[in-house]
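As a plain string of letters, each chain reads:
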Amino acid sequence: MKILVNDGISASGIEALEKAGFEVINTKVAQEQLENYINDKGIDAVIVRSNTQIRQELIEACPSIKLIGRAGVGMDNIDVEYAIDNGVHVVNTQEASALSVAELVFAHLFGMVRFLHQSNREMPLEGDMSFNTLKKQFSQGTELRGKTLGIVGFGSIGQEVAKMAIALGMKVIATDTDVQEATITIPFFDGQSVNFSVETQPFNDVVSKADFITLHLPAQDEYVITATEFDKMKDGIGIVNTSRGSVLNEVDLVNAIESGKVKYAGLDVFENQPTPEIQLLMNPEISMTPHIGASTIEAQERIGVELANKIIKLLSE
Ligand code: MLT
């Protein structure tokens, strides 16, 4: 069976698939050439990340496809329901990247509260001429310990964030439409661990009580955070979005930054990916990364192996 790996997976994932007897074609086929390529080569399974779109028309036009593998969590680039209704397996990796995303949340949080994103822009330009001015400019940082972190979306990534926040001494409050309660186990280096039970709360309570908010939701048809929600938040709120751009109204975010409602903002995802709005890119108040939440060597390793094992199981049945 032939598997097209269109957005890349780890070498160990490819190795596992080849060992199981699959022919792996690890190449990038442009979106508009995918249909011809899949049909010409008789591809049985396609593995994608978020770049390649697997829409109904493509699935319909490529009857050889038996499986679509998503190396990651979000499935917004795949017409999952149509695929499943038409007998095509769709698999993703739910937990493999949770730790990496959670660490990126804290990279933004720690960076934001000490203005690293601004300092890193200004030090190369003015660090020698205006050192003391910059020192003064960035001397009003804050600490995370003791602050309340509101987690919107309490699945595996949200829970991983909770783990780190609790370990850091933050108070955690969370909201989720499906999860009522979760046991957060914090493991220590010496084998000990501590359990915390976190009961989720209504969305509005979390949004209004938090000092910092982090978003962990799938792609949405309607924004979850708009001017209305910003109005409910504490003044000087910090917000991080590492989930999907469609969750947060970026125009409302910029307005909320300008009004002083939002003091810190960290974005890993954007409404217009891969061409985020210039108003965001040029905004010195925002800590930004180019959708790298799951992009660590360790996470990609776990994702590749987990996906390969799921594919081997499903296509060997
Ligand atoms: C995911 O959904 O797994 C992450 O956002 C990473 C990605 O899309 O590449």
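Presented here is a report on the structure given in the accompanying data block.

Rules and cut-offs
Residues numbered from 1 in each chain as written. Predicted model: local features only at pLDDT ≥ 70, side-chain atom pairs only at ≥ 80, totals over all residues. Heavy atoms only, no water. Helix = DSSP H or I, 4+ residues; strand = E, 2+ residues; numbered from the N terminus. Rg over C-alpha atoms; globule rule 2.2 N^0.38 Å. Buried < 20%, exposed > 50% of the residue type's maximum accessible area, 1.4 Å probe, protein only. Contact = heavy atoms within 4.5 Å. Lys, Arg positive; Asp, Glu negative; His and termini not counted. Charge placed at Lys NZ, Arg CZ, Asp CG, Glu CD. Salt bridge = Lys/Arg side-chain N within 4 Å of Asp/Glu carboxyl O. Phe/Tyr/Trp six-rings, centres within 6.5 Å; stacked < 30°, edge-to-face > 60°. Pairing = 2+ DSSP bridges. Right-handed = clockwise from strand over helix to strand, strands pointing away. Axes fitted to C-alpha atoms, helices over the stretch in contact; angles between N-to-C directions.

**As for the overall build of the protein**
Then step 1. Scanning the protein from N- to C-terminus turns up 13 helices and 13 strands.
Then step 2. Rg of the C-alpha trace for the protein: 22 Å, near the compact-globule value of 20 Å for 317 residues, within the 12% margin.
Then step 3. With the C-alpha coordinates of the protein rotated into their principal frame, the extents come out at 65 × 45 × 40 Å.
Then step 4. In the protein, buried positions account for 48% of the 317 residues.
Then step 5. Within the protein, counting contacts between residues at least 6 apart in sequence, those at least 24 apart form 60% of the total.
Then step 6. For the protein, the separation between the mean place of its 25 positive charges and that of its 44 negative charges on side chains is 7 Å.

**Topic: the pattern of salt bridges**
Then step 1. Here the structure, examined in full by the defined rule, presents eight salt bridges.
Then step 2. The partner of D44 in a salt bridge is K66, with the nearest N and O atoms 2.5 Å apart. Of this pair, D44 sits in the loop between α2 (34-41) and β3 (45-48) while K66 sits in the loop between α3 (56-61) and β4 (67-70); the two residues are 22 residues apart in sequence, bridging distant segments of the chain.
Then step 3. By relative accessible area, which is 34% here, K66 ends up partly exposed.
Then step 4. We note a salt bridge from D76 to R244, for which the minimum N-O separation is 3.0 Å. With D76 in the loop between β4 and α4 (80-85) and R244 in the loop between β11 (237-241) and α11 (250-258), this residue pair connects regions lying 168 residues apart in the sequence.
Then step 5. Given a relative accessible area of 36%, D76 falls into the partly exposed group.
Then step 6. Taking the relative accessible area as the measure of exposure, R244 reaches 12% and is therefore buried.

**Quick word on the packing of aromatic side chains**
Then step 1. One pass over the structure, following the stated rule, counts four aromatic pairs.
Then step 2. On the basis of an interplanar angle of 50 degrees and a centroid distance of 6.3 Å, the ring pair of F106 and F110 is categorised as tilted. Of this pair, F106 and F110 are both found in helix α5 (residues 98-113), four residues apart, which corresponds to roughly one turn of the helix.
Then step 3. An aromatic cluster is defined as three or more aromatic residues linked by ring pairs; in this entry it consists of F115, F138, F212 and Y264.

**Describing the pairing of strand β6 (residues 148-152)**
Then step 1. Summarising burial for β6: five of the five residues are buried, a large majority.
Then step 2. Here β6 shows a buried face lined by T148, G150 and V152 and a second buried face lined by L149 and I151.
Then step 3. Of the strand pairs in this sheet, β6 and strand β7 (residues 171-175) are connected by five bridges, and their pairing is parallel. Bridging from a neighbouring strand, L149 pairs with V172 of β7.
Then step 4. With helix α8 (residues 156-167) bridging β6 and its parallel neighbour β7, the resulting β-α-β unit is right-handed.
Then step 5. Relative to strand β10 (residues 212-215), β6 runs parallel, the two being bridged by four bridges. Among the inter-strand pairings, L149 is bridged to a residue of β10, identified as F212.

**Some words on the sheet that holds strand β2 (residues 23-26)**
Then step 1. Pairing in this open sheet of five strands is parallel, and the strands run β2-β1-β3-β4-β5 from one edge to the other. Every interior strand has two partners, whereas the edge strands, β2 and β5 (89-92), have only one. Pairwise comparison of adjacent strand axes, ignoring direction, gives a mean angle of 15 degrees for this sheet.
Then step 2. In this structure, strand β1 (residues 2-5) lies alongside β3, joined through three bridges in parallel fashion. Bridged to V5 within β3 is I47.
Then step 3. Helix α1 (residues 11-19) contacts β1, β2 and β3 of the sheet and is inclined by roughly 150 degrees relative to β2.
Then step 4. In the packing of α2 onto the sheet, the strands contacted are β1, β2 and β3, and the crossing angle to β1 comes to about 155 degrees.

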